[in-house]
Amino acid sequence: MALLGIAASGMAQDFKPEVHGTIRGKYEYQTEEGEGRFQVRNARFSLSGKVTDAVAYKAEIDLSDEGSIKMLDAYTRVTPFKQFNFTIGQMRVPFTIDAHRSPHQQYFANRSFIAKQVGNVRDVGATVGYTVQAGFPIILEAGLFNGSGLTNQKDYWTKGVNFSAKAQFFFPRGFNLTLSTQKIQPANTAIMMYDAGAYYHANGWHVEAEYLYKQYSHNAYHDVHAIDAFVNYDIPVRSKKSLVKSVSPLVRYDFMSDHSDGKPDTNGLLTTDEYKRSRITGGVTLSLAKPFISDIRINYEKYLYREGAIVKPSEHDKVVVEFMTRF
């Protein structure tokens, strides 16, 4: 009866959770090896919503992240007033442009080197966010994190913490500048990363460039440099009868120098886990609805490795056809 009384008085509100998901199935053919494979790259589901106007939550799991089940986001966010929020839990660290994109927001079938090998970090911690209006929005984010990653939390204790900070400037006419920095310590070596990126998004164009610099303490490993630059142009299909709603040709260049993940070998030394290479990717995206809802991504990737590099089985020249569905 008490619940009915609250509802009748208009005090109760219905905060229904939202369910979202991303399914990415693809076929890849490595042209030099003559080998192909089908793969479910993501089968990602999330539950998000609010319990009050000021308290939100999100829980996200991937049932097939390259065949593995992974818990991704699990956090509570408190927004006491419009410009400020506090988040605690498991999340993607606020750092870079491309590494912060969800799978359905990616422009290419395979992630850039910055997003996959060099700057991809998810961790457990807490962040604060603040939006400044200076004639245009400026979003500021900063956080402290364990450094334990997603699967090493139960008995993980540390005397230090990792941190990340990010500033996004949303200038008029579709221009954006993003600056960020991050400190991680996978083992005994502290690693500092600095990232600067900018993009233009308007009139059907998305033009983006990003640079990441990675520095290891005590000269444990040489500095790492990574670049990601691409252009995408959306061409609407005017026919209402067409299955395809837009066609988007796109091209990308990305590069990374020799890289270490910061975890030492049996001799206590950092070794190269990813070898210096550049890649040119070209292709077209066919959108069956609005972009990033139902896309067919058709890409060709050309790799250029340094002499003496050890090439991993899935990092050869390839044709990729991916179907991405977001719901």
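Residues numbered from 1 in each chain as written. Predicted model: local features only at pLDDT ≥ 70, side-chain atom pairs only at ≥ 80, totals over all residues. Heavy atoms only, no water.

Once that is clear, we can look at the overall build of the protein chain. On a plain count of helices and strands, the protein chain comes out with two helices and 17 strands. Here the C-alpha radius of gyration of the protein chain, 22 Å, is about what a compact globule of 327 residues would show, namely 20 Å. When the backbone C-alpha atoms are referred to their principal axes, the protein chain occupies close to 75 × 60 × 40 Å. Residues counted as buried form 40% of the 327 residues belonging to the protein chain. Here the contacts in the protein chain between residues at least 6 apart in sequence split such that 52% fall between residues at least 24 apart. About 17300 Å² of surface is accessible on the protein chain, with carbon and sulfur atoms providing 61% of the total. Seen as two clouds, the 38 positive and the 34 negative side-chain charges of the protein chain have centres 6 Å apart. (Helix = DSSP H or I, 4+ residues; strand = E, 2+ residues; numbered from the N terminus. Rg over C-alpha atoms; globule rule 2.2 N^0.38 Å. Buried < 20%, exposed > 50% of the residue type's maximum accessible area, 1.4 Å probe, protein only. Contact = heavy atoms within 4.5 Å. Areas by Shrake-Rupley, 256 points an atom, 1.4 Å probe, with all protein chains shown as cover. Lys, Arg positive; Asp, Glu negative; His and termini not counted. Charge placed at Lys NZ, Arg CZ, Asp CG, Glu CD.)

One non-glycine residue, Arg173, lies in positive phi territory at about 65 degrees. Positive phi is not limited to glycine here, since Asn219 has a value of about 55 degrees. In this structure, Asn219 sits in the loop between β11 (205-216) and β12 (224-233). Residue Asn219 is classed as exposed on the basis of its relative accessible area, which comes to 73%.

On to the nonpolar core. Ranked by size, the top nonpolar core spans 20 residues in total, and within it Val118, Met193, Leu212, Tyr216 and Ala226 carry the most contacts. Elements with a contribution of two residues or more to this core: α2 (113-118), β10 (191-202), β11 and β12. Element by element, the count of residues in this core is highest for α2, at three residues. Beyond its immediate stretch of four places on either side in the chain, Ala226 contacts Ile114, Val118, Glu210, Tyr211, Leu212, Phe255 and Met256. (Core = buried A, V, L, I, M, F, W, Y, C linked by side-chain atoms within 4.5 Å.)

On the surface, a nonpolar cluster with roughly 500 Å² of combined accessible area is contributed by Tyr211, Ile227, Val251, Tyr253, Ile280 and Leu304. Tracing the backbone through its elements, the reader meets Ile280 in strand β15 (residues 277-287). Classification of Ile280 as partly exposed rests on a relative accessible area of 42%. (Patch = residues over 30% accessible without salt bridge, like charges linked within 9 Å, V, L, I, M, F, W, Y side chains within 5 Å. Salt bridge = Lys/Arg side-chain N within 4 Å of Asp/Glu carboxyl O.)

This part covers the confidence of the model for the protein chain. Across the protein chain, the average pLDDT comes to 93, with 95% of residues at 70 or higher. Counting interchain partners and residues more than four positions distant, the pLDDT-below-50 stretch residues 1-11 has three contacts. (pLDDT = per-residue confidence, 0-100.)

It is worth spelling out the side chain of Lys318 at this point. Turning to its location among the elements, Lys318 is positioned in strand β17 (residues 318-326). Aside from chain neighbours lying at most four places away, what touches Lys318 is Glu28, Tyr29, Gln30, Thr31, Asn110, Asn299, Tyr300, Glu301 and Tyr303.

This part covers the packing of aromatic side chains. With the rule as written, the count across this model stands at 13 aromatic pairs. Ring plane angle 85 degrees and centroid distance 5.2 Å describe the contact between Tyr107 and Phe292, whose orientation is recorded as edge-to-face. Of the two residues, Tyr107 sits in the loop between β5 (84-92) and α2 while Phe292 sits in the loop between β15 and β16 (294-305), which places them 185 residues apart along the sequence. Where Trp205 meets Tyr233, the ring centres are 4.5 Å apart and the plane angle is 40 degrees; that geometry is what we call tilted. (Phe/Tyr/Trp six-rings, centres within 6.5 Å; stacked < 30°, edge-to-face > 60°.)

This part is about the pairing of strand β2 (residues 35-50). Note: strand β1 (residues 18-30) against β2, 13 bridges, orientation antiparallel. Following the sheet pairing, Arg24 is matched in β2 by Asn42. Counted between consecutive antiparallel strands, the loop separating β1 from β2 contains four residues, among which Gly34 sits at a positive phi close to 70 degrees. Direction of pairing for β2 relative to strand β3 (residues 55-65): antiparallel, over a ladder of seven bridges. Opposite Leu47, over in β3, you have Ala59 as the bridge partner. (Pairing = 2+ DSSP bridges.)

For Lys70, the position within the fold is in strand β4 (residues 68-81). In this structure the C-alpha to C-alpha distance between Lys70 and Arg44, which are 26 residues apart in sequence, comes to 9.3 Å.

On the secondary structure map, Asp14 appears in the loop between α1 (2-9) and β1. Relative accessible area serves as the criterion here: at 59%, Asp14 is assigned to the exposed category. Sequence separation of Asp14 and Thr52 is 38 residues, and the distance between their C-alpha atoms is 9.3 Å.

Turning to the pattern of salt bridges, a few remarks are in order. Where charged atoms of side chains with opposite charge meet at close range, the side chains can pair. Taken as a whole and judged by the stated rule, the model has 21 salt bridges. Salt-bridge contacts for Lys58 lead to Asp73; the nearest nitrogen and oxygen are separated by 3.3 Å. Here Lys58, found in strand β3, pairs with Asp73, found in strand β4; they are 15 residues apart in sequence, far enough to count as distant. Side by side, Lys58 and Asp73 carry an identical accessibility label, which is buried. Within the structure, one salt-bridge network assembled from shared partners comprises Arg44, Lys58, Glu60, Asp62, Asp73 and Arg122.

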